[in-house]
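The residues making up each chain are set out below.
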Amino acid sequence: MKESALKTVAQMANLADRYISAWGSEAAVPDSTLHDLLTSLGYDTRNDEALLASAEKKHKADVLAPVQVVQENEPVEIALHLGISARESDFSWRLETEQGECFEGYLQSQIVRDERSNGGPLVFSLPCSLPWGYHRLSVIRKRRKAPYQMTLIMAPTQCYKQPELDQHKKMWGPSIQLYTLRTPHNWGIGDFGDLKQLVSELASRGADFVGLNPIHALFPANPEAASPYSPSSRRWLNLLYIDVSNVREFCLSARAQQLVGSAEFQRRLQAVRDTHWVDYSEVAALKMAVLPLLFQEFKQRELLQQTRRGRAFLDFIEQGGESLKQQATFDALHQYLRADDPHAWGWPVFPEKYRRYENAATQAFIEQHSDDIQLYMYLQWIAEGQMEEVQAIAEEQGMSLGLYRDLAVGVSDAGSETWSDNSPLVLDASIGAPPDVLGPRGQNWGLPPFDPQALQHTGYHAYIELLRANMRHCGALRIDHVLGLLRLWWIPKGKNATEGAYLYYPVKDMLAILALESHRHQCSVIGEDLGTVPDEIGALLADAGVHSYKVFFFETSEEDGGFISPAHYTEQAMATLATHDMPTIRGFWHCDDLKLGQELGLYPDEAQLQQLFDDRLKAKQGILDSVSWHGMLPDGVGADARYVPMDGHLCRALQLHVAAGQSALLSVQLEDWLEMEKPVNIPGTVDEYPNWRRKLSVSLEVLFSRDDLNQLARDLSRVRMQASRQTV
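This report concerns the structure included in the present document. Here the structure is a predicted model, which is why all the values come from computation and not from measurement.

**Here's the deal with the overall build of the protein**
Helix and strand counts for the protein come out as 22 helices and 26 strands. The globule rule puts the C-alpha radius of gyration for 728 residues at 27 Å, and the 27 Å found for the protein is close to it. Here the C-alpha coordinates of the protein stretch approximately 85 × 70 × 50 Å along the principal axes. The proportion of buried residues among the 728 residues of the protein is 56%. Distance between charge centres in the protein, computed from 68 positive and 96 negative side chains, equals 4 Å.

**Brief notes about the side chain of Glu417**
Along the chain, Glu417 falls in the loop between β15 (402-407) and β16 (429-433). Despite its burial, Glu417 pairs with no opposite charge; the closest candidate is Arg234, at 4.2 Å N-O.

**Examining the packing of aromatic side chains**
Here the structure, examined in full by the defined rule, presents 26 aromatic pairs. Ring centres of Tyr229 and Trp692 lie 5.6 Å apart, and the angle between their planes is 45°; this geometry places the pair in the tilted category. Residue Tyr229 is located in the loop between β13 (216-217) and β14 (233-237), and its partner Trp692 is located in the loop between α20 (670-673) and α21 (700-703); the two are separated by 463 residues in the primary sequence. Residue Trp692 is classed as buried on the basis of its relative accessible area, which comes to 8%. Relative to Trp381, the ring of Phe298 lies with its centre 5.3 Å away and its plane at 50°, an arrangement referred to as tilted. Remark: Trp381 occurs in helix α11 (residues 370-396) and Phe298 occurs in helix α8 (residues 280-303); sequence separation between them is 83 residues. An aromatic cluster is present here, built from Phe219, Phe330, Phe350, Tyr357 and Trp419 joined pairwise through their rings. Against the face of Trp347 rests Arg356, its NZ or CZ located 4.9 Å from the ring centre. A cation sits over an aromatic face here: Arg616 above Phe588, 4.1 Å from the ring centre.

**Quick look at the nonpolar core**
Ranked by size, the top nonpolar core spans 203 residues in total, and within it Leu195, Leu198, Tyr378, Trp490, Leu514 and Trp673 carry the most contacts. Of the residues forming this core, the biggest block, 12 residues, is contributed by α11. If you look at the next biggest cluster of nonpolar residues, it comprises 22 residues, including Ile78, Ala86, Leu107 and Met154.

**A few points about helix α9 (residues 308-338)**
In an α-helix, one full turn covers 3.6 residues, which means residues spaced three or four apart are oriented alike. The end-to-end C-alpha separation of α9 is 35 Å, well short of the 45 Å expected for 31 residues at 1.5 Å each. Within α9, the axis deviates most sharply at Gly321, by approximately 105°.

**Regarding the pairing of strand β8 (residues 122-125)**
Where strand β4 (residues 77-80) lies against β8, four bridges are found, and the strand directions are antiparallel. Counterpart to Glu77 in the pairing with β8 is Ser125. Relative to β8, strand β7 (residues 111-114) is paired through three bridges, and the arrangement is antiparallel. Looking across to β8, one finds that Asp114 is bridged to Leu122.

**So, the sheet that holds β16**
Taken together, the four strands give an open sheet; going across it, the order is β17-β16-β19-β20, and neighbouring strands pair in antiparallel fashion. Since the sheet does not close on itself, it has two edges, and those belong to β17 (443-447) and β20 (501-504), each with one partner. Within the sheet, the average angular offset between the axes of one strand and its neighbour, ignoring direction, is 50°. Contacting β16, β19 (487-492) and β20, helix α2 (residues 31-40) crosses the sheet at an angle of about 100° to β19.

**A look at unusual backbone geometry**
Negative phi characterises most residues that are not glycine, and trans characterises most peptide bonds. Look at Asn14: it is not a glycine, yet its phi comes out positive at around 60°. In this fold, Asn14 is placed in the loop between α1 (3-12) and β1 (18-20). The partly exposed category is assigned to Asn14, whose relative accessible area is 44%. Phi angles above zero are rare outside glycine, and Tyr460 is one such case at about 60°. In this fold, Tyr460 is placed in the loop between α12 (452-457) and α13 (461-470).

**Points about the pattern of salt bridges**
All told, the structure shown has 39 salt bridges when counted by the stated rule. Where Glu77 meets Arg113, a salt bridge forms, and the shortest distance between an N and an O atom there is 3.2 Å. Separated by 36 residues along the polypeptide, Glu77 in strand β4 and Arg113 in strand β7 bring together distant segments of the chain. For Glu77, a relative accessible area of 26% gives the class partly exposed.

**Some points on the sheet that holds strand β25 (residues 573-576)**
Overall, parallel pairing links the eight strands, which are arranged β21-β18-β15-β12-β11-β26-β25-β22 in an open sheet. One side of each edge strand has no neighbouring strand; the edge strands of this open sheet are β21 (524-527) and β22 (548-551). On average, each strand axis in the sheet is inclined to that of its neighbour by 25°, with strand direction left out of account. By the bridge criterion, four bridges tie strand β11 (residues 171-176) to strand β26 (residues 665-668) in an arrangement that is parallel. When the bridges of β26 are listed, Gly173 appears paired with Ser667. Against the sheet, helix α5 (residues 192-203) contacts β11, β12 (209-212) and β15, and its axis sits at roughly 145° relative to β12.

**Here we look at the environment of His473**
Summarising the element assignment, His473 is placed in the loop between α13 and β18 (476-479). Once the C-alpha coordinates of His473 and Gly24 are considered, the two residues, 449 residues apart in sequence, prove to be 42 Å apart. In terms of polar contacts, His473 uses its side chain to reach the side chain of Glu384, at 3.2 Å.

**A look at the packing of α9 against helix α10 (residues 360-368)**
Packing of α9 against α10 leaves a shortest axis separation of 11 Å and a crossing angle of 90°. On the basis of their axis angle, the class for α9 and α10 is roughly perpendicular. Contacts from Lys325, Thr329, Ala332, Leu333 and Tyr336 in α9 reach Thr362, Phe365 and Ile366 in α10.

**Notes on the environment of Tyr354**
By the secondary structure assignment, Tyr354 is in the loop between α9 and α10. For Tyr354, a relative accessible area of 10% translates into the label buried. C-alpha separation for the pair Tyr354 and His334, spaced 20 residues apart in sequence, amounts to 9.8 Å. Ignoring any residue separated from it by four or fewer positions in sequence, one finds Tyr354 in contact with Leu333, Leu337, Asn359, Ala361, Thr362, Phe365 and Trp419.

**Let's talk about the pairing of β26**
Side chains Leu665 and Ser667 of β26 all project onto a buried face; the interleaved residues Leu666 and Val668 project onto the opposite face, where all are buried too. Here β25 runs beside β26; their pairing, made up of three bridges, is parallel. Bridged to Ala575 within β26 is Leu666.

**What about the side chain of Ser518?**
With respect to the secondary-structure elements, Ser518 resides in helix α14 (residues 507-521). Classification of Ser518 by relative accessible area gives buried; the value is 0%. Discounting chain neighbours no more than four positions away, the residues touching Ser518 are Cys159, Tyr160, Met471, Cys523, Ser524 and Val525.

Calculation rules
Residues numbered from 1 in each chain as written. Predicted model: local features only at pLDDT ≥ 70, side-chain atom pairs only at ≥ 80, totals over all residues. Heavy atoms only, no water. Helix = DSSP H or I, 4+ residues; strand = E, 2+ residues; numbered from the N terminus. Rg over C-alpha atoms; globule rule 2.2 N^0.38 Å. Buried < 20%, exposed > 50% of the residue type's maximum accessible area, 1.4 Å probe, protein only. Lys, Arg positive; Asp, Glu negative; His and termini not counted. Charge placed at Lys NZ, Arg CZ, Asp CG, Glu CD. Salt bridge = Lys/Arg side-chain N within 4 Å of Asp/Glu carboxyl O. Phe/Tyr/Trp six-rings, centres within 6.5 Å; stacked < 30°, edge-to-face > 60°. Lys NZ or Arg CZ within 6 Å of the ring centre and 35° of its normal. Core = buried A, V, L, I, M, F, W, Y, C linked by side-chain atoms within 4.5 Å. Expected span 1.5 Å × (residues − 1). Bend = angle between axes of the 7 residues up to and from the residue. Pairing = 2+ DSSP bridges. Axes fitted to C-alpha atoms, helices over the stretch in contact; angles between N-to-C directions. Contact = heavy atoms within 4.5 Å. Polar contact = N/O pair within 3.5 Å; in protein donor to acceptor, adjacent residues only side chain to side chain. Parallel < 35°, antiparallel > 145°, perpendicular 65-115°, else oblique.

Printed below as a string of structure tokens:
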């Protein structure tokens, strides 16, 4: 295949044939990668002629584009791709707004420019002032039966911010992994009941939010697939987070009470509570032994009696639509198949007749197992209700944000969201990251990406529904790898991360829709913008009102000799010392992450490992110098990093140092309050380390009974208030 044809079509598809590496040099993308990725996008790559012909067909402009996104400060100009012989007098337009208003007019009197002689469009403007929302534009042509139609999206220029953020209040709160919470009453995993308790305790101590790991739907039938960043679906919830004892039907079901009260069940419950690592299989077995009993109680008392609660459930099913039906069907079918084959980890290994949601056999399963499917709908309803209760408590107790949720960058290629022929996800590719200094082989996350052309052709429907699902019952949404709104590193199926390329997305459209949904849900947005950040995205995110992500350990500058002072962080940001992909503060200071990586064989190059140890010592010295210069170093702590251990005093000083900064939001880690060493996740590992399982070292009751931690919470509130006054 000629290079020119391949490069030409790659450019049409917004697929970059080169990029700037983490070392600052330009790197070329192999032709084989471009070929494979164009194939995954649906181009005919058999030869040059077929490729160019398929590209011409895919990129041929419709008379009226399927969707157009306009921000409130922009003119509404609509392009029509017509032949030069088409008469303007033959056209009129009609606009139906989402709010029910209707506007009409004739094209001829509103033409802005005519570029048809140069192969361009005929452009007309809409004279009406339009509200934010999703509107329907129809262009009617004489003697043509059906009108041309477009979804016209009117959006604000910036994401929503709570009044307190606009008033420069400096907030703090912990970012937690929900499954790590320990209480004497949970079922071996942190749940929504524990979250209520945590929110209440923190609200009374001055916190304004609690950040969550992704709580997306995982695999109830395969509970060991526990990564929150590789979910079955991002539109539904993880059922293991249901607080079983708090479900209304629990106290009404004699069978459930008898089962849970039995000596054997209580023994198993105590065993999973006592473990230091979440035993997902046993937790799932315990909860799924009881939850179906609660559903049967619900059916008898509420559904069959057509009570208000029963009707509320039916309304939930109607609102969930086909997406909820697909999710519940997947979970029920997966459970059904796992009963015979414990190795059925996802739909790629289902019997062939069940490998697509639309298949006749799957539809027959739906008819024959309606009760099983309704069970999983009920569980989603219960989970959503418990989430809603947590946010209501946060608001009642005066938290400015309450919960902030985390939107994972993608989904598993074996789960419910990829199980449909109508999915806009590309299964022949996965996303990841190109090689960098710490990962010379790059990263392949195994997550199928959205097809940007499919998103546009469907009016961004899947993206809009994704945002709506994740902005419910929270005050902020953190978007993992927010750089993906501009570009994603696509890797052909079965290839290494080094064999990828960047594919660019319609970032302005996606940011505008993000802003619109943000205002509708009164939900602020935080963008995790770590890693290699292209120049063009920083300003776009800032202008869109997206809070940046400032990790203290990464905010360095050679100019000032070390770590950037948090006082110089941008206000529109969340600052933190560490994240779930990093070691704890204590682990960082004692190089536990490097030592563990050495044990696991993650650093085969001894010279590279030694350089990492040397760099860590240099970083520790820079941290001490920075904290000392700002007057935050505790009395008695030496100035030489080689001889300074990480203890409670230094850990507290580091947190207060970042708290005194200018970023609107400060995220802390409960693991650091407890001076824990083991991380929750080690990037680059699968079976080498028990990721996403490590619990907190003490229960919430013990944590909030400690005087030193209560004092730390008071000090964080005090320092944040002082920072607020400095900004004002």
